[in-house]
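# Chain and residue survey
What follows is each chain in one-letter form.
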Amino acid sequence: MEVDEEDELDDEVEDDDRLEDDDYDLIEENLGIKLKRNKFKRLKRIIDSDSEDEIRKETVATRTGPRFRRAESIMRSSSDSDSNSNSKASESEDDFIVNDYNEPIRQKHSNIPSHTQANLQEAREVFGVDFDYGDIDIVNSRSEDDSDSDQVTRRAEGKKVNLRRRKEIYEPAVLEEAGITDEAEKIRTTDLPERYQHLSLILKPTGSELNDEVIWIYKKAFADREQKKDNELLGDLPSAGAMTAATVVENWDDDDEQADLVVEEIDAPVDTPSIIRNRILRKIKKVIKLIRDEHFEVPYIYFYQKEITRPDLSCYDLWRIFDLSQEYCRFLEKKRRLILLFMSMQSYQMSLGEEVLDRDNIRPISNKEINSLSNATDLVQIQDLQLQFLLYYSEEVPKMKDLMEVKRKELEAHMGEIEDEKGNESNNKNRIRRTFLTSAGSYKLCRRNGIDKMLPLVGFIAEEFGNNFENNVALHSTHQCELELEEVLTHFTSTRMPEPSTVGDAVVFMMAMQISRDPKVRRAVRSTFVAKAKINVAPTKKGFLEIDENHPVFPMKYLKDKPVHGMDGIDFLNLTTAEKDGLITITIGEYISDRKGLGISLVEEAKNLCKAESDALKMEKGPDISKWEDLRGRIMEHAFEKILYVEFGKEIRQELLDKAKKIIIQRCSDKMYTYLKDGAFKVTYPNDPEGEWDTSLGIRVMGLALSEDVPVNACVLNENGYVMDQMIVSDLFSRNIRGLKENSIQSKEDDMIKLRKFIERNKPHVIVVGGESRGATHLVDEIKMILSTFPDDGNECFIPVHIIDNDIAKVYSRTSISREEFPGTTELFRQAVSLARTLQDPLLEISQLWNRDEDILSLHFNKLQKQIGKHELLRAIELEFINRTCEVGVDINQALSHNHRSNTLQFVAGLGVHKATALRRRLRNLGKKLENRSQLITDFGMGSIVFNNCAGFIKILKENLLEDADIDPRDQTRIHPQYYEHLQSVVQVTLREDDPNEELPVVEAVEKVLTESKYQDELRNLVETLVIENYVRNLEESGHGDLTYLFQDIITELLSPYADSRKSFEIPKGEELFYILTKETCETIRVAKLITGYVFDAKWRRPTDQEYDEAMPMQDEKSGKFICKFCLRSDFSEIGEIWQHYDDRSGSCPGIIDGIQIRFGNGITGIIKSHNFSDNPIDQQELQNFVKLRRAINVRILKIDQEHFFLDCTSRTSDLQNPEVMPMKDMYYDDEAEQAEINKLRYRTLKKQLAICPFVKRNIDHPSFKNITYKEAEALLQTMDQGDVIFRPSSKGVNQLSLTWNVVTGIYQHMNINETGKSNDQALGTKLSIGEYDYEDLDEITARFVIPQASLAREISRFRYYKLEDFEDQERATEFLMKEQKANSEKIHYIVSASRKFPGRFIISFLPQSNLHQECMMLSPEGIRYRNFCFPSITECMEYFKKTYPTIN
């Protein structure tokens, strides 16, 4: 009984639309993943096994992110080749049938016909031979019987049903990720490079358009790098006379005799600029033809068309040509559409007739405008013409469309071909009207009120003024109206514009719009504006406070009249970012001078060109000319200052931003190149009699990843990148054995023994440590110590140990791919795996970050990379992947066997994500490996275009195949199949030199030359004796062209087939290693940089013997105790004890404080030497007191010791405030404006001082001292910056001062200063004390007491969760936090606010559960005091808070 296949499919789907738990368990066991069982209510079984396997394989190949788990539900009925071999669910005997590679043979029907050996040979000869790849399939398909045809048809119909049902069942995102979409299928089956299929090549310029395109590309990409003194595109050609660009371009074709003649005429021993340009132009045209006509990708052209590209075009030049070619096509398409629109409007106007045009005051389109559009050579010219068109005809376009539609329907009705397209017509009509009516705006309103009819009375039209302004000569005179302006304006009043002044404003607006839209005016004004526009920058009130020397716009905080053409793109990007943050204001082109240098503005120049004739000015009874002149002047001011300057200012902004983004993209691309430039780490062990340390097939790598307070994770990878062994060591970081407890010492020793056995057992060729912090250097020292315990006659003691950057490993460890490959492992373990694989091959490891989750963007390429678009950055990164992959090649069989090495296949020329995945899937389905390149055609159905692009970049290594495999030795080289004929010639010449009578088959001959040393020597001899060079010259003379580069590559490949040109992995050293371990850059840590450190100890110096001998004990007058002169120890009761203290040289006296040791947050330490501590002399007691406080301190770097991670610093006030070491200001920096702003603030401060003083006035000469009350001080501080301080007399007496400083906006802290050592009541004490802190003068109090606290307060105010409101009130804080908790209940919310009751303190409010908790942070010179700890920054304080908040009682 025959059953309809579709009905049977429906029955099966309905019978099995829900899976039981046992079924889920079986699927999870087979696939090794965890399925979400509640994702879909109905899961349907898909019948077609081929399609199922296609979904499964596509999903596995492109799996990334959490969506992968959703996609797994589609592929539940099958698993990959490794899963099938170990599946417990399958009870079929097919699993026990394996091929020669010990892989299960899949019993599946293949739609690819099998070919005979003759077909294989024919396919191999595709290089240069016209071979139709579709003929074989057509012949084979016709030879099948009818039953087979019916079966294929039914199967195809079944697949369509399955695809339709999948679309009904699964989410589109899941199907897209699995590659089961119509677009993906089209990409896989179309014989075009996948990347070309994503392009929108609307048209292909030919003829003169192609020549124009070549010139356009040359100007864009290559003109700047030629000699600037030769400005012409093509200079005077010797012996050929002066030739235009078009004339030369027409002669570029190789088959043109005139082209050869021109080249011969200009041939010279030294290339002149003209010859170089001519040669580059020819090559650009050839490259474009290869891309468009032959569909070759850039890597193929660069590596296999060297005769065309070398030596003028690099690989990046070819990509630039490729991109510009697409850009030019888009430009040309837009121009063609606009020409069609112009011509359509012209035809529409002709159909209306002149009477209608005059009645409705419609401006006719002339052929001159259409010709101008046709001759446009850049997008700017097109946009200018388009803006003019929109201004005049925005209302007419819908009418034109309607009329054209009516005529079309009449024609179709007459021909009997009417179709119902009302829906589309309505949509198009509405779309057009929306676009054009929106562009009309107020101009349309003025026109509807008849204002346009008054414009001719102004005295000129926009086109006439455009001619005058472009030539800067009054070619068209201005005709003065004989009526009074007020009378004319009154005549044109209406109900909507009842006042003459309103009519005048409308006239100004309409005329200004017409002038501003005239292409000639725009072209002239734009060129002048770009040449003479100036940029001015001024800080806002917020910016004046926040922009310090560490801010990127500090050198440009004030700018005055900086030329636009001198502005750097990156600088302008920083300025724009600061403007968005509200720190500065930027103005461009407020004033533009005239073109003749008369000292007037460009607007005045325009006014002079539109003045009325002198005869009109002499009329005795004429109108008041001055009012008309004022009207025309207002028109010019509006057109230039309010329209053109604004628009061109935006254009300049965009151009500068685009310029900056290109620079950033290039820097990111360069960074990506540094990631990919190195190959595998190379190491050899000559003392290896048993072959255990052989590295010919790869290296075994031991990777170690470390993190703070986490045990070190270690693993060893075999040559294929799989984990052999792993371990965790906990106490290897315990460096100082003497400072450890006994159990810690034993634990460390146990770890070292365990690690030694681990190394001895796995025998890694190299050990790599992740550069997480400076602790990596300590770990390396421990490992080297372990290796030194191995005997010298073994290889273990020679294992290299290195530190590399762990940025890539950290990103990889957080990806979904790593979690799927190593489920249940820690992030640190996955880092260790990635570190080891990076040393095996960086390209393969980094390519895993190129996935749907776009993990590659998590790498840090540049600090400004977030300022550019994601797609632009991905494009630059992808090009680096493509270039490097095609240079190295892809071992397709290795990619098939190892998933973690398969991601580079998509970067091969001609392929892409979908094509590469389909190729891997097909190989796995057939259960075989690729033995020769011809199988790509015969067995896998690859088209000729894709094959020609990718064939040379696919490696087929003999080591990965069985001995009886059908191997073609030619496929083990980079030589492209299309050049096998020339390869055969070189091989035969080599063999004949050894034996003239020897004739061998091609394959055997190539094998001999590749493997036997005597033929290698013979080949080198042929090169040295110029035999090959003469052979190439003969080929060129016989018409084959210059094949020098080709034969050079053939010889190179014969001597070293598919040799990796990358150098060994470069281990970071010196400065590079310093920045890797500190996570700093040359911008954040550099000499003269102002940074904040944390005092942790004193640097002592032992006195010399002479100093000990000359030392005299000191005695405290009050206690009678003796004091050590050096360490100031004061507990000696007898003088003999002090002498004994001096004589004890074993360490009883530490000596003299020679400096203060400081620590930074990145593991770097430093020192402030005693002479760099203060500008004033300071004694040992003060230094000791300062060290005891453990305070934070601002220092400036004097010297960097990168080897020891050590900084030599200074904290002297003169050094901290030295303008010479600050970033150099821009040459257009406006110092006068900055000083004026400072004086303005000082004036405001002095103006608000009150006359009444309830205290004793003091005569203290200091800029921050004011004889004012505390209320006056607070009022004065309102006008000053955050962190500013005022010293004032104290109401408590003349022995005290008061300090008031601005903590945050509206909060001021008052402190008492005790004075001692006063010579009189008015003098300032020699010792000033604030609590436990002692100072010498007011400047020191400002530098060491106020500024550190102000910096901390400023940092807290910028903290993410800081709130300006008063949340000291618990009810208000609870209400706010409850709202935040309701909005997002997944975390515990907290806020930080300033205390108004206790200035100088900050409140942390948070809701751990339902009750509010509040804690206090207090500012101090050392840092932020919180819970009896002192933190140098709010970040570290809040990190401690997050870790310890659960312990709050």
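Scroll up to find the structure this text is about.
Within every chain, residues take consecutive numbers counted from 1 along the sequence as written. Per-residue local features are limited, in this predicted model, to residues with pLDDT of at least 70; the limit for side-chain atom pairs, both in listing and counting, is 80 or more; totals at the level of whole chains, interfaces and linings are taken over all residues. Calculated side-chain values reflect all of the structure's heavy atoms, with hydrogen atoms and water omitted.

## Observations regarding the overall build of the protein
Numbered from the N terminus, helices here are DSSP runs of H or I no shorter than four residues, and strands are runs of E no shorter than two. What the protein contains, in helices and strands, is 59 helices and 27 strands. Exposure categories follow from relative accessible area, calculated using a 1.4 Å probe and restricted to protein chains: below 20% of the type maximum is buried, above 50% is exposed, and the middle band is partly exposed. Across the 1449 residues that make up the protein, the buried fraction comes to 49%. In this description, contact between two residues means that some pair of their heavy atoms is separated by no more than 4.5 Å. In the protein, 68% of the contacts between residues at least 6 apart in sequence involve partners at least 24 apart. Per element, the accessible surface of the protein, about 72400 Å² overall, is 48% carbon and sulfur. The protein chains shown are the only cover counted for residues, whose accessible areas, like all others here, come from Shrake-Rupley with a 1.4 Å probe.

## Digging into the sheet that holds strand E24 (residues 1401-1406)
Criterion used throughout: strands pair if DSSP finds at least two bridges between them. In space, the five strands of this open sheet follow the order E23-E24-E25-E26-E27, with antiparallel pairing throughout. The open sheet has two edge strands, strand E23 (1390-1394) and strand E27 (1429-1431), and neither has a second partner. On average, each strand axis in the sheet is inclined to that of its neighbour by 30 degrees, with strand direction left out of account. Lines fitted to C-alpha atoms define the axes, with helix axes restricted to the stretch in contact, and inter-axis angles between N-to-C directions lie between 0 and 180 degrees. Sheet strands touched by helix H57 (residues 1338-1357): E23, E24, strand E25 (1413-1420) and strand E26 (1423-1426). Its angle to E25, the strand with the most contacts, is close to 145 degrees.

## Looking at a nonpolar patch on the surface
Here, patches come from residues exposed beyond 30% relative accessible area and free of salt bridges, joined within 9 Å for like charges and within 5 Å for nonpolar side chains (Val, Leu, Ile, Met, Phe, Trp, Tyr). Salt bridge, as applied in this entry: a Lys or Arg side-chain nitrogen positioned within 4 Å of an Asp or Glu carboxyl oxygen. Side chains of Met1112, Ile1135 and Trp1139 sit close together on the surface and give an oily, nonpolar patch of about 290 Å² of accessible area. Structurally, the position occupied by Trp1139 is in helix H52 (residues 1135-1143).

## What to know about the pairing of strand E7 (residues 766-770)
For E7, a buried count of five out of five residues is recorded, marking the element as mostly surrounded by other parts of the structure. On E7, burial covers both faces: Val766, Val768 and Gly770 on one face and Ile767 and Val769 on the other are all buried. Viewed along the sheet, the connection from E7 through helix H35 (residues 775-787) into strand E8 (residues 801-804) turns out right-handed. Handedness is read with the strands pointing away from the viewer; a crossover is right-handed when the path from the first strand over the helix to the second is clockwise.

## Points about the packing of aromatic side chains
The rule is short: rings of Phe, Tyr and Trp, with Trp giving its six-membered ring, pair when the centres are within 6.5 Å, and they are stacked under 30 degrees, edge-to-face over 60, tilted in between. Scanning the entire structure with this criterion turns up 42 aromatic pairs. When the ring of Tyr1426 is compared with that of Tyr1440, the centres are 6.3 Å apart and the planes differ by 85 degrees; the resulting orientation is edge-to-face. You can see Tyr1426 sitting in strand E26 and its partner Tyr1440 sitting in helix H59 (residues 1434-1444), a full 14 residues away along the chain. Exposure remark for Tyr1426: the relative accessible area of 1% places this residue in the buried category. Exposure remark for Tyr1440: the relative accessible area of 23% places this residue in the partly exposed category. Ring geometry for Phe1429 and Tyr1440: centres 5.4 Å apart, planes at 55 degrees, overall tilted. With Phe1429 in strand E27 and Tyr1440 in helix H59, this pair connects stretches of sequence that are eleven residues apart.

## Considerations on the sheet that holds strand E19 (residues 1296-1304)
The antiparallel open sheet is built from five strands, whose spatial order is E18-E19-E20-E21-E22. In this open sheet, the two edge strands, each paired with only one partner strand, are strand E18 (1285-1289) and strand E22 (1333-1335). Within this sheet the neighbouring strands show an average axis-to-axis angle of 30 degrees, counted without direction. Relative to strand E21 (residues 1327-1330), strand E20 (residues 1307-1316) runs antiparallel, the two being bridged by three bridges.

## Some words on the packing of helix H33 (residues 625-676) against helix H40 (residues 870-888)
As a packed pair, H33 and H40 sit with axes 9 Å apart at the nearest point and diverge in direction by 35 degrees. Every pair of crossing elements has a handedness; the one defined by H33 and H40 is right-handed. Seen from H33, the contacting residues are Ile665, Cys668, Ser669, Met672, Tyr673 and Leu676; seen from H40, they are Glu872, Leu873, Ala876, Ile877, Glu880, Phe881 and Arg884. Residues are sorted three ways: Asp, Glu, Lys and Arg are charged, Ala, Val, Leu, Ile, Met, Phe, Trp, Tyr, Cys and Pro are nonpolar, and all the rest, Gly among them, are polar. Partitioning the contact of H33 with H40 into residue classes produces nine nonpolar, one polar and three charged. Whether a crossing is left-handed or right-handed is set by the direction in which the near helix is turned from the far one by less than a right angle, anticlockwise for left-handed and clockwise for right-handed.

## Focus: the environment of Gln1115
With respect to the element layout, Gln1115 can be found in strand E12 (residues 1114-1115). For the pair formed by Gln1115 and Phe1132, sequence separation is 17 residues and the distance between their alpha carbons is 9.2 Å. Residue contacts for Gln1115: discarding those within four places in its chain leaves Gly1120, Lys1121 and Phe1122.

## What to know about the pattern of salt bridges
On inspection of all chains with the given rule, the structure shows 64 salt bridges. Here Asp312 ties to Lys283 by a salt bridge, and the two come within 2.9 Å at their closest N and O atoms. Taken together, the residues span a long stretch of sequence, with Asp312 in the loop between helix H17 (306-309) and helix H18 (315-352) and Lys283 in helix H15 (residues 273-292) at a distance of 29 residues. Given a relative accessible area of 13%, Asp312 falls into the buried group. Across the pair Lys863 and Glu1083 runs a salt bridge whose closest N-O atoms are separated by 2.6 Å.

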